[in-house]
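# Coordinate inspection notes
Residue strings, one per chain:
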Amino acid sequence: MPTIIALDASLSMLRPVPGRNEHTYQSLALKGIQHLLDNLTAAGKLEHLALVAYSTVCELKVDFTRDYEQIRQAIKKIEPMDKACLLTMLKTSVSLMATWGTQNLLQLVVFTDCGAGFGSTSIAAFLENYAGKQTEAEYAWLKALAHYHLNFICLGVHADLHFTRGAALHQQLLDSAALKGQLFMPKPLKTTENGTDVSHNKSELGRTALFELIERLCESSYKSTEVTLKCGHYFRLESPVLLWPPPKPYEQPATYGGEPTLRHIEQRIDVCGFLALSDIGSPATFSRHWVLAKLEREKPSRRSGSLTAAAKSPKLSLDTGNNPHFELEKLEQDIRDFFTKEPSKEAAEESGDDADVVVVKHTATPAQQEQQKDTLCVLLHGALKLENMAALVLLGEKWFGFMYAYSDIKKKSNFVLNILPPGSHVIPWLGDLELLGFPDDLAPGETASFPVRAERRSYSQSSVVWIRQASLQSDVQKVLRHAKKMPDKTQHFYKELNRIRRAALALGFVELLEALALLLEKECAQLTMNGSVSSECTLQLQHAATELRKTSNRDIKSTIVPLQKAAATSVENSPVAAAAPAAGAAAGYLYN
Amino acid sequence: MFERNQKTIFVLDHTRYFSISSEQYISMDYLKGKPLPESPASSGSTPVAQTQLSKSLWTCAVESSIEYCRIVWDLFPGKKHVRFIVSDTAAHIVNTWSPSTQNMSHVSNAMMMVSVPSRSIPQSSDYSVIHGLRAAIEALAEPTDDQVQAAQAGCTKISNKGRVICITSARDNTSMKSLEDIFNTVLLQQNALAAPPGKKGLLIDHCHLVILNIVPLGIESLVTNRNLLEISPLLDVEIHTVNAPDISDKLLHLIMGHYDLASTTVTNIPMKEEQNANSSANYDVEILHERAAHTKVCGPDFTLPTSIKGGTSYETVTLKWCTPRGCGSADLQPCVGQYNVTPVDVTSRPSSCLINFLLNGRSVLLEVPRKTGTKTTSHMLSARGGEIFVHSLSIARSAMDEAPSINDGPGGRVSDYRIPELGQLLKMSRMVPLKAKPKSRISPGEHLWRRMPRYFPRTTNVTILFNLERQLTWLPHFLHLLVKEDMDKQEEVRCQQHIHELYKSASRGEMLPFSNTNNMRPKASKSKDQYRLFYRELEQLIQLNVQTPRHKNLLESLQSLRAAYGDVAGKSEAGVAHLRSYTESPLSPERLEPSSVGSTNSSSSLLKASKRRMSSSGQRSLLDMISNAERNQSSKRLDFSGRLCTPVGQTAKLYPDFGNKDKDAITPSLLQANLKDESIRS
């Protein structure tokens, strides 16, 4: 989900936060950005982020990147300028987002004190101008913006009227331009209870309140979809996985009229079987996602606390009470120990962990420790990559997808899920996906393989289309070419002749039959004159011309057959001789 | 759901007028290459000019309407329907909505029987296109298979729209007007019939009537062209007057709008010259497909370049052929849409060259220039199962670009995954297309899972068994037998033998032959551990595969062996008990409790006994020994009460007193009597 982080760089951001002398709005916003980056880093640094700072102008500080350090550095250098102009920023982001097309879910996170702006560039002024002009080209960029998700982190206290008015205007903008978005605001203090004075130590806006907003944002907009991947009954062949980017719901039109329904994928993804990637080809997909192993992980603590507890927990979280796989897990652990416990027994004993980890144990980061834990994703990915196969998965009722190892240009390999549009007939060459089974399901003697062949299309059969004169002429030419080479090409000659005759009859093009008969007679006359031709040839040509003219032959079932001559044709009409040229002709037609 | 282009009906005028020539002459003389030397009048038939010929109006009408449905059926196989009705003294139905008649060969065979209208028939008012139009409206009221299905699915309001394309020839605007009026009236009548009391056929929601008024070349028509006009809420009519030879072009234009098609011209296709195979030239091929194939490919910084081909008035998108670089159709492209294609000119040489290239299994990427000057492949052509598709590729930047490798993620640094083994399993579970759903299948997932092993450690460092598979030659077969769903007596005996062999080598203190290649070779001091783990793993494997009493037998002998080996996992006892509650049914025989003092004694004594016997009586088979030991063992415990009170030879009934609590279940006398026999069987 490519995201633009937009920081309000108006002068008003330099105000100190009421009741928090240590913070200005800007310094708080920087803290917020840092915390957002921390959260996204913990989630695997998957998001592409860009940073803009806006006042009357909107400046791109960092272009889209997964290197969050760049952003951390850049935010320190942002100098507040004049007044805030939200709309300039929104318009700029549309052009910045352009490279992402429409396949990605695009997001904006705006850190602002919700200044309403001044004069002609204010939100109010925009709303006034915009009313009633929705369709005009001037506002076309709002159409693109409507696909994004806008998140406003609103910095302010509810007691501040400027803030509440500004926030209301922001909401009004979202509503009137039909933009998808949300304002994240700190919860108002319970003012009624103990007759507060705002100056009395802490106000509602502070670091904790802000971090809460960021966490709400991450929860609502940056959460990977968690599902269970099941590939067999053994518990190690079943595992929770994360899908990123999170799959969008599919809007399924109602079968026979009515409202469309939104469909989400099921909580459990079932592997149904495996297919060669070469059999799948490149079918149209609804969306693509990474499949990442989901490990139990401590939440990134706000003060980056020790993660040692998290690292230790998997080893003996063997809660015997509700773990049905206790015995198997214990066995695995014992065998692992058996293999790895070596001379340095005491050390290993003490740490109770893998020997090869022991060496780096004390320096291993949580990420490194995670890399050492076997996961179903990596195993399945490896096997699919090895065999060049994909796993067909069931995502819902009559809804399929397939998972495979995808290597990019840099040879970095990943486990990817392609979600197909719902339906079981979405890949024509695989047939009905619900009818896929295993070779053992076939009846004895039955064979089956991909691709499932479609009915013949016009281009894969020898269609006759004479709309252009040239194609008619070339068909006639072909007959004549064969005519000259009789008796060798007698079979070809009659095959082509009958093909033309049938087509002419279907089109009611009887004129062609007469013309063809004439042409054959002429050909015959010319060949005789040159004297370079066998009597067989002339006989066949005359025979063909006569047959073409017979009205009795204008019937669907009739076929013109070669003139039977006692001696010569007996060889020619033997099945073998007849079959070979016929096959050759079929192939020859398309290429000659 | 049912759009207007779902149903199209061609009404072909088969009156005498259509037998006249289109006045466009096709020369056949040029075929000779050189002019025929003035032949002496030997052949008798002198008129040389006869090698010129022209199509009749009828031929023009038939060939262009067949071309229309060729495109429809190529692009929307099974989805869009076209019917033909021929009209002279009556309406002749050429085909129906049934899929078996919705194909080219059916239509052309039927047309063979219709043939060109005869010139000799008298001009009469009986001959009219009106019959055909009436029949067309009736045909619209007939449901297609899909509509029948919708009705069966309980859909009450089935939308039913259609299009009638009438190829006729009218004298003037007045007669055209009356044609319209009659059509409108009949439409209303038909709907009246379909209304509740009659319920004859489907109600027609809307009809689009396209009238093609055709005249021979060079003739002026008195009928004026008219764009789409709403005659009534039910009926839109448009009228086009065309010269007969141009009717195909006209229909090609119309079909683009009727089915929302777009044209793509693949340019710069290198092809060998027909005459000279050594030189090659570049050709263009124009193809048709759904417009979405263009609109789905999106990205703001580029637009698809369009041009207008000579003689046409629609736009075609020109995309450049990319010479395929060993790019088989196997390469998975990020594809956002796939659509059937068909060439505009199916018989031309460039078209058939491209088609054959694709049908032979190669795919072609198509290039589009970007604003920035670079080029991107926006589409791909490929054929599968004898059908050619255009794939719209995703060309915008993707959030998934520049992926971190899976090796940097969780589990990425583990090096001993059992990937080759899983690979074997994948190959064994490769799917094939079936004719019908397999009977035994509950769900697609379940169908696979049954084939997958019930025990499959993910890595080699957590398994003893699969580490030894290569070294112990008997092991693979043994493991194979263990997981067999239908293990027979003989196989059970084999397994028992193996288990016993294992016990023997354990008692001899032999090291298990771990391979030297991996650095997992354990120390000699752990020789005892290795067997313990081996047994434990074997036990788990069987536990997970318990299907038959035979498996249970094996499990028991293994468990007693474990006990004999002194493998008393005291601390995991709770877990074992827990596990048992999962895996055992009430029918399971009571298990040995190796932890209890008594049984430990007994099992060790059992082993002693068996050892003794082994040395003394070489004649006895292993089975005898094992089963004897088993018998001794099990005679010490109580059999399942249900079996005890059932006479020998009969099947014990489960919960015989269910719902009858007050009755006493066990008769003590029977218990004693049956004890011995039953324990042997178990």
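Nothing here was measured: the structure is a model prediction, and the numbers come from that model.

Let's shift gears to the overall build of chain B. Helix and strand counts for chain B come out as 20 helices and 19 strands. For chain B, the residues scored as buried account for 38% of the 682 residues in total. If you take every contact in chain B between residues at least 6 apart in sequence, the share linking residues at least 24 apart comes to 72%.

When helices and strands are tallied, chain A shows 20 helices and 18 strands. The buried share of chain A, taken over its 592 residues, is 40%. Partitioning the intrachain contacts of chain A with sequence separation of at least 6 by distance along the chain shows that 66% fall at a separation of at least 24.

Residue and element names in this part refer to chain B. Summarising the element assignment, Leu288 is placed in strand E11 (residues 280-290). Residue classification places Leu288 among the buried positions, given that 25 C-beta atoms sit within 10 Å. As for Leu288 and Asp236, which are separated by 52 residues in sequence, their C-alpha atoms are 26 Å apart. Every residue in contact with Leu288, bar those within four places of it in the chain, is listed here: Ile71, Leu75, Leu261, Ser263, Val341, Thr342 and Val344.

Residues and elements named next belong to chain B. Here strand E10 (residues 261-272) runs beside strand E13 (residues 315-322); their pairing, made up of 5 bridges, is parallel. By the bridge assignment, Thr267 is partnered in E13 with Lys320. Examined bridge by bridge, strand E12 (residues 306-308) and E13 share 3 bridges and lie antiparallel to one another. Each residue of the ladder has a partner; that of Ile308, found in E13, is Glu315. The turn linking E12 back onto E13 is made up of 6 residues, and Gly311 within it adopts a positive phi angle of 85°. Pairing between E13 and strand E16 (residues 364-369): 3 bridges, direction antiparallel. Bridge pairing in E16 links Lys320 to Glu367.

Glancing now at the interface of chain B and chain A. Taken together, the contact pairs 134 residues of chain B with 132 residues of chain A. Per element, the largest residue contribution to the side of chain B that touches chain A is 8 residues, and it comes from helix H1 (residues 57-75) of chain B. Broken down by class, the residue content of the side of chain B that touches chain A amounts to 66 nonpolar, 45 polar and 23 charged. As paired strands, strand E18 (residues 436-437) of chain A and strand E19 (residues 432-433) of chain B are joined by 2 bridges and run antiparallel to one another. What sits directly across from A:Gly437, in E19(B), is B:Val432.

In this section: the environment of B:Ser348. The residue B:Ser348 is located in the loop between strand E15 (342-343) and helix H8 (349-359) in this model. Residues B:Ser348 and B:Val285, spaced 63 residues apart in sequence, show a C-alpha to C-alpha distance of 9.1 Å.

All names here are of chain A. Packing of helix H15 (residues 469-484) against helix H16 (residues 490-506) leaves a shortest axis separation of 8 Å and a crossing angle of 155°. In terms of their interaxial angle, H15 and H16 are classed as roughly antiparallel. Of the two possible hands of crossing, H15 and H16 adopt the one that is left-handed. Residues Asp475, Lys478, Val479, His482 and Ala483 of H15 form the contact with H16, whose own contacting residues are His492, Phe493, Glu496, Leu497 and Ile500.

Attention now goes to the sheet that holds strand E9 (residues 225-230) of chain A. Residue and element names in this part refer to chain A. Pairing within the closed barrel is mixed, and its 7 strands lie in the order E9-E10-E14-E17-E16-E15-E13. This sheet shows a mean twist of 40° between the axes of neighbouring strands, independent of strand direction. Relative to strand E16 (residues 399-407), strand E15 (residues 389-396) is paired through 6 bridges, and the arrangement is antiparallel. From the neighbouring strand, Ala391 faces E16, where its bridge partner is Met403. The sheet strands contacting helix H14 (residues 376-387) are E9, strand E10 (238-244), strand E14 (287-293), E15, E16 and strand E17 (413-419), and the helix crosses E15 at an angle near 130°.

Let us now look at the environment of B:Gly509. Residues and elements named next belong to chain B. Tracing the sequence through the fold places Gly509 in the loop between helix H13 (489-507) and helix H14 (527-545). Residue Gly509 is classed as exposed on the basis of its C-beta count, with 10 C-beta atoms lying within 10 Å. Linking Gly509 and Ser394, residues 115 residues apart in sequence, is a C-alpha distance of 64 Å.

Moving on, we get to helix H6 (residues 161-176) of chain A. Here H6(A) spans 22 Å end to end across 16 residues, near enough to the 22 Å set by a 1.5 Å rise per residue. Among the residues trailing H6(A), A:Ala178 stands out with phi positive, at a value near 55°.

All names here are of chain A. Relative to each other, H15 and helix H17 (residues 510-530) sit at 30°, their axes nearing to 11 Å. The angle between H15 and H17 places the two elements in the roughly parallel class. Judged by the sense of rotation from one axis to the other, the crossing of H15 with H17 is right-handed. Residue-level inspection shows Val476, Leu480 and Ala483 of H15 in contact with H17, the latter providing Leu516, Leu519, Leu520 and Glu523. Taken together, the residues of the contact of H15 with H17 sort by class into 6 nonpolar, no polar and 1 charged.

Residue and element names in this part refer to chain B. For chain B, the mean per-residue pLDDT works out to 78, and 77% of the residues sit at or above 70. Taken as a whole, residues 569-617 scores under 50 in pLDDT and shows 56 contacts with residues more than four places along the chain or in a different chain. Counting contacts from residues 661-682, a segment whose pLDDT is below 50, to residues more than four positions away or on other chains yields 24 contacts. Prediction confidence for the complex, expressed as pTM and ipTM, is 0.80 and 0.82 respectively.

So, on to the sheet that holds strand E4 (residues 49-54) of chain A. Whether parallel or antiparallel, the strands of a sheet pair through hydrogen bonds between backbone atoms. Residue and element names in this part refer to chain A. An order of E5-E4-E1-E6-E7-E8 is seen for the 6 strands of this open sheet, with the pairing classed as mixed. Every interior strand has two partners, whereas the edge strands, strand E5 (58-65) and strand E8 (180-184), have only one. Put simply, the sheet's adjacent strands are angled 15° from each other on average, direction ignored. Relative to E4, helix H3 (residues 86-97) is tilted by about 150°, and along the sheet it contacts strand E1 (3-8), E4, E5 and strand E6 (107-112).

In this section: the confidence of the model for chain A. Residue and element names in this part refer to chain A. Looking at chain A, the pLDDT average stands at 81 and 84% of residues meet or exceed 70. Ignoring residues within four places in sequence, the model shows residues 343-362, a span with pLDDT below 50, making 18 contacts including any to other chains. Taken together, the stretch residues 566-592 has pLDDT below 50 and engages in 19 contacts with residues farther than four places along the chain or on a different chain.

Moving on, we come to unusual backbone geometry. Each neighbour pair has its own omega, and for A:Trp244 with A:Pro245 the value is -5°, a cis peptide bond. In this structure, A:Pro245 sits in the loop between E10 and strand E11 (250-252). Residue A:Phe450 is joined to A:Pro451 through a cis peptide bond whose omega torsion reads -5°. In the Ramachandran plot, B:Asp260 falls in the positive-phi region, its phi being about 50° despite a non-glycine side chain. Following the sequence through the fold, B:Asp260 ends up in the loop between helix H6 (247-258) and E10.

This part takes up the pairing of E9(A). Residues and elements named next belong to chain A. In this structure, E9 lies alongside E10, joined through 6 bridges in antiparallel fashion. Bridge pairing links Glu226 to Leu242 in E10. Note that E9 and strand E13 (residues 268-276) share 3 bridges and pair parallel. Note on E13: the bridge partner recorded for Lys230 is Asp270.

Attention shifts here to helix H2 (residues 104-114) of chain B. Residues and elements named next belong to chain B. For H2, every residue scored as buried is listed here: Val107, Ser108 and Met111. Down the axis of H2, the smallest arc covering the buried residues is 95°, so these residues share one side. A positive backbone phi angle near 60° is found at Ser115, which sits one or two residues after H2.

Rules behind the numbers
- Residues numbered from 1 in each chain as written.
- Chains lettered and ligands numbered in written order.
- Predicted model: local features only at pLDDT ≥ 70, side-chain atom pairs only at ≥ 80, totals over all residues.
- Helix = DSSP H or I, 4+ residues; strand = E, 2+ residues; numbered from the N terminus.
- Buried ≥ 20, exposed ≤ 12 C-beta atoms within 10 Å, placed from the backbone.
- Contact = placed C-beta atoms within 7 Å.
- Pairing = 2+ DSSP bridges.
- Nonpolar A, V, L, I, M, F, W, Y, C, P; charged D, E, K, R; others polar.
- Axes fitted to C-alpha atoms, helices over the stretch in contact; angles between N-to-C directions.
- Parallel < 35°, antiparallel > 145°, perpendicular 65-115°, else oblique.
- Left-handed = near helix turned anticlockwise from the far one by under 90°.
- Expected span 1.5 Å × (residues − 1).
- pLDDT = per-residue confidence, 0-100.
- Arc of directions from axis to C-beta.

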